[in-house]
Structure formats: structure tokens, C-alpha cells
Amino acid sequence: CAWAWASAVQRDPRNFEGITLECERTNAKLREVYQSYIDSGADLHSPSGAAYKAKEALDAVNRVCGDGSGAKNGAKDGAKGDGASTG
């Protein structure tokens with residue numbers, strides 16, 4: 001889910017705590033979720049209540065998978081659900 005990726009980006013901005021994005025299936029919905037939080041100026045919250053910055057998460061998606069325009073930056077292919085996987 002979106003908050004899990006945001007959490008990994010915040011805590012481990014280099015390796016994302018081992019979470020990989022399967023970019024071929026990271027869909028526009030994940031980007032839309034982050035953008036909606038950015039537009040509203042709100043943070044994402046985990047079930048425990050921890051807050052994470054949507055802009056940092058979206059920027060990391062774009063670094064890993066490209067900006068959504070079809071260009072990729074050395075991304076991994078595939079995906080699960082919202083585009084984040086733990087494997």
C-alpha cells in the first residue's frame with residue numbers, strides 16, 4: 001500500500017528497506033494517491049498513526065520507475081496491487 005512505500009522511503013531512502021516496485025504494473029492510481037496528498041498538503045498515515053511525506057514517496061517512485069510517461073530509470077518490471085512488493 002501507499003503508506004508502506006512512503007515509510008520505506010523515509011526510513012531507508014537508498015534501499016527502501018528492500019521493498020521493490022514492479023514498475024510495469026505500478027499503476028497511475030499509486031501516483032494519484034500520492035499526488036492527492038501532495039495537493040492537499042497532508043501526510044500519509046500508517047495504521048499505527050505514523051506520518052510520511054507523499055512528495056518523497058512519489059519522487060522515489062519516479063526515480064525508480066520513471067515519471068509515468070513511459071521512460072524508466074533502470075526499473076524492475078512487474079508489480080502487485082498498488083505497485084509495491086516486499087520481495
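Scroll up a little and you will see the structure.
**Regarding the overall build of the chain**
Link 1 in the chain: When you go through the chain residue by residue, the secondary structure sums to three helices and four strands.
Link 2 in the chain: Counting from the amino terminus, the chain carries its helices and strands in the arrangement α-β-α-β-β-α-β.
Link 3 in the chain: Across the 87 residues that make up the chain, the buried fraction comes to 38%.
Link 4 in the chain: Restricting the contact set of the chain to residue pairs at least 6 apart, pairs at least 24 apart contribute 69%.
Link 5 in the chain: Approximately 4,900 Å² of the chain is accessible, and the part contributed by carbon and sulfur atoms is 49%.

**Some details on the pattern of salt bridges**
Link 1 in the chain: Using the criterion set out here, one finds three salt bridges in the structure.
Link 2 in the chain: In this structure, the salt-bridge partner of Glu-17 is Arg-11, at a minimum N-O distance of 2.8 Å.
Link 3 in the chain: Relative accessible area serves as the criterion here: at 41%, Glu-17 is assigned to the partly exposed category.
Link 4 in the chain: Of the charged contacts in the structure, one is a salt bridge between Lys-55 and Asp-59, with a shortest N-O distance of 2.9 Å. Placement of both Lys-55 and Asp-59 in helix α3 (residues 54-65) is noted, with a separation of four residues, approximately one turn of the helix.

**Topic: unusual backbone geometry**
Link 1 in the chain: Residue Phe-16 is not a glycine yet carries a positive backbone phi of 55°.
Link 2 in the chain: Relative to the elements of secondary structure, Phe-16 occurs in the loop between α1 (2-11) and β1 (20-21).
Link 3 in the chain: In this model, Glu-17 sits at a positive phi of 55°, which is unusual for a non-glycine residue.
Link 4 in the chain: Inspection of the secondary structure puts Glu-17 in the loop between α1 and β1.

Scoring rules and cut-offs
- The numbers attached to residues start from 1 for each chain and follow its sequence in the written order.
- Side-chain atom pairs in this predicted model are given and counted only at pLDDT of 80 or more, local residue features only at pLDDT of at least 70, and totals for whole chains, interfaces and linings cover all residues.
- Here the side-chain values reflect all heavy atoms present in the structure, with hydrogen atoms and water set aside.
- What counts as a helix is a DSSP run of H or I of at least four residues, what counts as a strand is a run of E of at least two, and both are numbered from the N terminus.
- Partly exposed describes any residue whose relative accessible area lies between the buried limit of under 20% and the exposed limit of over 50%, with all areas from a 1.4 Å probe on protein chains only and scaled to the type maximum.
- Note on contacts: a residue pair qualifies if any of its non-hydrogen atoms lie within 4.5 Å across the two residues.
- For the area figures, the Shrake-Rupley method with a 1.4 Å probe applies, and any residue is considered shielded solely by the protein chains shown.
- Counted as salt bridges are all cases of a side-chain nitrogen of Lys or Arg within 4 Å of a carboxyl oxygen of Asp or Glu.

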